[in-house]
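# Per-entry structural report
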Amino acid sequence: MSNTNATKPNIRHYEDGTASVMRKAVVYTELRFYQRSDVLCQLTQVFCQRFLPSYGDRTVDQMVQAARSTKQNIAEGSTDGQTSTETELKLLGIARGSNQELLEDYQDYLKRKGMKEWFGQNKRFERLHQFCKDHTLWDDYQPLTARMNDEELANMAICLCHQVDKAMTKYIERKDREFTTEGGIRERMTAARLGQRETQRQIIERQAAEIESLRQENARLKEMLKEAGVMETPEVPERPDIPNYQH
C-alpha cells in the first residue's frame, strides 16, 4: 500500500544542473546541542580530575567516555546524514543514550556525597539554568570552573545534560519525520535520476523549440526580401578539384 503522506524528496542540483542524491550538509558545529556536548566533554574532564580518584575508580573512564561518545556521535551522525538518514538517526540515538548515561553518573555522585540536585524554584538553579541556556561555548564556562565546588559543577553538568537531551529529542523527531515522508538514499537516488531525465528532456524540447523558431524567422525574412525585390546573393560555385600533376 502506498504512503499517502509521502512527499517528493527535496533534490539539490549542482551549478551545471546535475541532480545530487546527497542531502544538504549539516554544519554540526553550529548546532547548539553539539556545542553544549562539547562543553560537557571539557567540563567532565575537569570534574573528574578535581573530584574523583585518579586510579581505581571506573567511574572516571565511564564518565569521560560517555561525554566523548555524546559529542563524537553527534558529529559523525550529522556528517553521515548527507547520504544516510538511517545512519544519522542511529548515531544520534547513541549520542542521546550516552548523554543520558552521563546524566545518571552526575546524579549518582550527588547522591553518594549527600548533596542536592537543584530544581525548580531554587534561585541557584534558576541562575544556573539561565546561564546554561544563554551560553553554549566552553570559553564561557572555563573561567568559572576553577571557582566552583563539586556540587556546583555537578549541577551545572546535569543542567547541560537536560538541555542537550531536550534539544536532541526534538532534532531526532524532525529527522524521523523527514525520513518517513521523503524516504532514504534509495528514494533520493530514484528521484534524482528521474529529475535528471526530466531536466534533459526539457532541455531537448527547449532547444527544438528554439531551432523551429529560428527556421520560421529565417523563412519570414526570406519572404520579406523576395517581396522587396532584393536579389539574393548568388551561390558561389564549388571550387573544381585541382589535378595532382606528377613531375
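Residues numbered from 1 in each chain as written. Predicted model: local features only at pLDDT ≥ 70, side-chain atom pairs only at ≥ 80, totals over all residues. Heavy atoms only, no water.

With the rule as written, the count across this model stands at 7 salt bridges. Glu-88 serves as the salt-bridge partner of Lys-175, at 3.9 Å between the closest nitrogen and oxygen. Residue Lys-175 is found in helix H6 (residues 150–182), and its partner Glu-88 is found in helix H3 (residues 85–113); the two are separated by 87 residues along the sequence. For the pair Lys-175 and Glu-88, a shared accessibility class is recorded, and that class is buried. Classification of Lys-175 by relative accessible area gives buried; the value is 4%. Through salt bridges with shared partners, a single ionic network connects Glu-88, Arg-174, Lys-175 and Glu-178. (Salt bridge = Lys/Arg side-chain N within 4 Å of Asp/Glu carboxyl O. Helix = DSSP H or I, 4+ residues; strand = E, 2+ residues; numbered from the N terminus. Buried < 20%, exposed > 50% of the residue type's maximum accessible area, 1.4 Å probe, protein only.)

Turning our attention to the packing of helix H1 (residues 32–51) against helix H2 (residues 58–80). Axis separation between H1 and H2 bottoms out at 9 Å; the angle between their running directions is 160°. Considering their axes alone, H1 and H2 lie roughly antiparallel with respect to each other. Taken as a pair, H1 and H2 cross one another with a handedness that is left-handed. Across the interface between the two elements, Phe-33, Tyr-34, Ser-37, Asp-38, Leu-40, Cys-41, Thr-44, Gln-45, Phe-47 and Cys-48 of H1 pack against Val-60, Met-63, Val-64, Ala-67, Arg-68, Thr-70, Lys-71, Ile-74 and Ala-75 of H2. (Axes fitted to C-alpha atoms, helices over the stretch in contact; angles between N-to-C directions. Parallel < 35°, antiparallel > 145°, perpendicular 65-115°, else oblique. Left-handed = near helix turned anticlockwise from the far one by under 90°. Contact = heavy atoms within 4.5 Å.)

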